[in-house]
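Observations on chain architecture
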Amino acid sequence: MTLVAGIDSSTQSCKVVICDADTGAVVRAASSPHPDGTEVDPQQWWSALQAAITAAGGLDDVAAVSVGAQQHGLVCLDSAGAIVRDALLWNDTRSAKAATELVDELGAQEWANRVGVVPVAAITVAKLRWLADHEPAHADATAAVCLPHDWLTWRLSGSDDIADLRTDRSDASGTGYFSSESSSYQLDLLELAMRGRRPEVPAVLGPSEAAGSTSTGAVLGPGAGDNAGAAFGLGAGPGDCVVSLGTSGVVSAVGDVAPHDPEGIVAGFADATGRQLPLVCTLNGAPVLAAVATMLGVDFDELDRLAMSAQAGAGGLTLVPYLEGERSPNLPEAAGALHGVTTRNLNATNVARAAVEGLLSSMAYCIDRITAHGVDVNRIILVGGGARSEAVRHIAPAVWGAPVHVPTPAEYVALGAARQAAWTLGQNDSPPAWSFGITTTYTADATPQVLDQYRAAQALTLGQ
């Protein structure tokens, strides 16, 4: 049996899965936690990776390995390959003002046209502007800029030469200075962000192009950003829309259309196969349900029971779930709102139902924004911690007006990386056709009145 390894270096932890290269069956797996915070010493990622590899039985018998990781994180290296400062993660918001400045300088439409991404605080290009303005000595010392998966792949190769840094289209497309449509860097945008400085950037590899090899001789795949890795691990193809309810809510769709959204809501990212992966991200995912469960003093099972015992529309109650502000639409200072409260509908069952419907309606907004850019959505796949909710699974097809497919819970980013490793090893025209587990399909009669109710409440929140 030929074995391949996939790595998921996420915000919270590092997961390693070792799989049969032919079938994708998981042979062994392990994980190790990452530290909290929005800026992290990348050496902590390396330590967690080494711990997870050891716990998974090592890589000595593995023929190929690939890394999926959190996107946008800024890793700065000097000319000798040393880390200049702690990495700024995607959820570090100190660069919000820098993002606004960059949009003002070039114009939102120009950013959308050039790279399909309008800068917000999360995007790498905004973090580089913050670095140039607030830590100019660190900016001067930065000879190369890379992302978490780039850096980990480079470390696995054993190189200390920044000229050997490698990345892929999916991760590069989240930087703000790479066009997924033309598959090319726009280095003048990098220079704009860095106030005239132009550090080196990783070479961009094709979907199955080798990035080198490890010290044990395993082939290194090009790697991927976490959303692209998850889509690849799920076996998502053209027309598939993946809705992930984790800490945030993420909607992405595999296709051939590269969006150019001047509002910056639909990001023009790439997938792990050579296609496009338009993506919309919200700040409020499954924690919305946790907050409402805590407020009601119930566990998740009881929250599900309450929500499913209420009628669609929650008796007129609507939750606009902007509990942590919002990114889609861009309302960083917003707060959540419960609309339509009366003496007749304010009870636990309706509040629970409103929480589920509000979260799902927020995702429907994201799906609508993607389809408005000409992206086909023929099948909806629901994943993430929120997909474990019975109420979410049963109510989602009613709110979204389409069947919802829920795959067996698994580490899909790591599995996507492992599948990519097998593809790189085999050097075939197409990736291995792995089995993607049992998928349960949920259907329900559409409830368009729920979305109408939500859109009216959302308009009040937006001041429209």
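Quantities reported herein were computed from a predicted structural model and do not represent experimental measurements.

Criteria and cut-off values
Residues numbered from 1 in each chain as written. Predicted model: local features only at pLDDT ≥ 70, side-chain atom pairs only at ≥ 80, totals over all residues. Heavy atoms only, no water. Helix = DSSP H or I, 4+ residues; strand = E, 2+ residues; numbered from the N terminus. Rg over C-alpha atoms; globule rule 2.2 N^0.38 Å. Buried < 20%, exposed > 50% of the residue type's maximum accessible area, 1.4 Å probe, protein only. Contact = heavy atoms within 4.5 Å. Areas by Shrake-Rupley, 256 points an atom, 1.4 Å probe, with all protein chains shown as cover. Phe/Tyr/Trp six-rings, centres within 6.5 Å; stacked < 30°, edge-to-face > 60°. Lys NZ or Arg CZ within 6 Å of the ring centre and 35° of its normal. Pairing = 2+ DSSP bridges. Salt bridge = Lys/Arg side-chain N within 4 Å of Asp/Glu carboxyl O. Axes fitted to C-alpha atoms, helices over the stretch in contact; angles between N-to-C directions.

Regarding the overall build of the chain
- Across its full length, the chain holds 15 helices and 23 strands.
- Relative to the compact-globule value of 23 Å for 464 residues, the chain shows a C-alpha radius of gyration of 22 Å, a close match.
- Based on the C-alpha atoms only, the size of the chain along its principal axes is roughly 70 × 55 × 40 Å.
- Taking all 464 residues of the chain together, the buried fraction comes to 56%.
- Considering only contacts within the chain whose residues lie at least 6 apart along the sequence, 72% involve residues at least 24 apart.
- Summed over all atoms, the accessible surface of the chain reaches about 17200 Å², with 50% contributed by carbon and sulfur.

Thoughts on the packing of aromatic side chains
- Summed over the entire model, instances satisfying the criterion amount to three aromatic pairs.
- When the ring of Tyr177 is compared with that of Tyr185, the centres are 6.3 Å apart and the planes differ by 25°; the resulting orientation is stacked.
- Note on Tyr185: relative accessible area 23%, which makes it partly exposed.
- Judged by centre distance (5.4 Å) and plane angle (80°), the rings of Phe178 and Tyr185 are edge-to-face.
- Ring-pair connections join several aromatic residues into one group, and the members of that group are Tyr177, Phe178 and Tyr185.
- The ring centre of Trp46 lies 4.3 Å from the NZ or CZ of Arg155, which sits over that ring.
- The ring of Phe232 carries Arg419 above its face, with NZ or CZ at 4.3 Å from the centroid.

Focus: the pairing of strand β1 (residues 3-9)
- Among the seven residues in β1, seven count as buried, and that is most of the element.
- Residue alternation in β1 divides its side chains into two sets, Leu3, Ala5, Ile7 and Ser9 and Val4, Gly6 and Asp8, and both sets are buried.
- When β1 meets strand β5 (residues 62-69), the two strands line up parallel, connected through seven bridges. Bridge pairing in β5 places Val4 opposite Ala64.
- Sheet topology note: the β1/strand β2 (residues 13-20) ladder contains seven bridges and is antiparallel.

Here we look at the pattern of salt bridges
- Within this structure, the stated rule accounts for 20 salt bridges.
- Here Arg129 and Glu101 are joined by a salt bridge, their closest N and O atoms 3.7 Å apart. Remark: Glu101 occurs in helix α2 (residues 96-106) and Arg129 occurs in helix α4 (residues 124-134); sequence separation between them is 28 residues.
- Between Glu191 and Arg198 there is a salt bridge whose closest N-O contact spans 2.8 Å.
- Of the residues examined, Arg198 reaches a relative accessible area of 45% and is grouped as partly exposed.

With respect to the sheet that holds strand β16 (residues 240-245)
- Strand order in the open sheet formed by six strands is β18-β17-β16-β21-β22-β23, and the pairing between neighbours is mixed. Each end of this open sheet is capped by a strand with a single partner; those strands are β18 (279-282) and β23 (439-442). The average angle at which neighbouring strand axes cross in this sheet is 20°, direction not considered.
- In this sheet, strand β17 (residues 249-253) lies alongside β16 in antiparallel orientation, the contact comprising five bridges. Bridging from a neighbouring strand, Val242 pairs with Ser252 of β17.
- Packing against the sheet, helix α9 (residues 226-234) makes contact with β16, β17, β18, β21 (379-383) and β22 (404-407), and its axis sits at approximately 110° to β21.
- Most of the contacts of helix α13 (residues 390-400) go to β22, to which it runs at about 150°, and overall it touches β16, β21, β22 and β23.

By themselves, these are just geometric observations and shouldn't be taken as functional.
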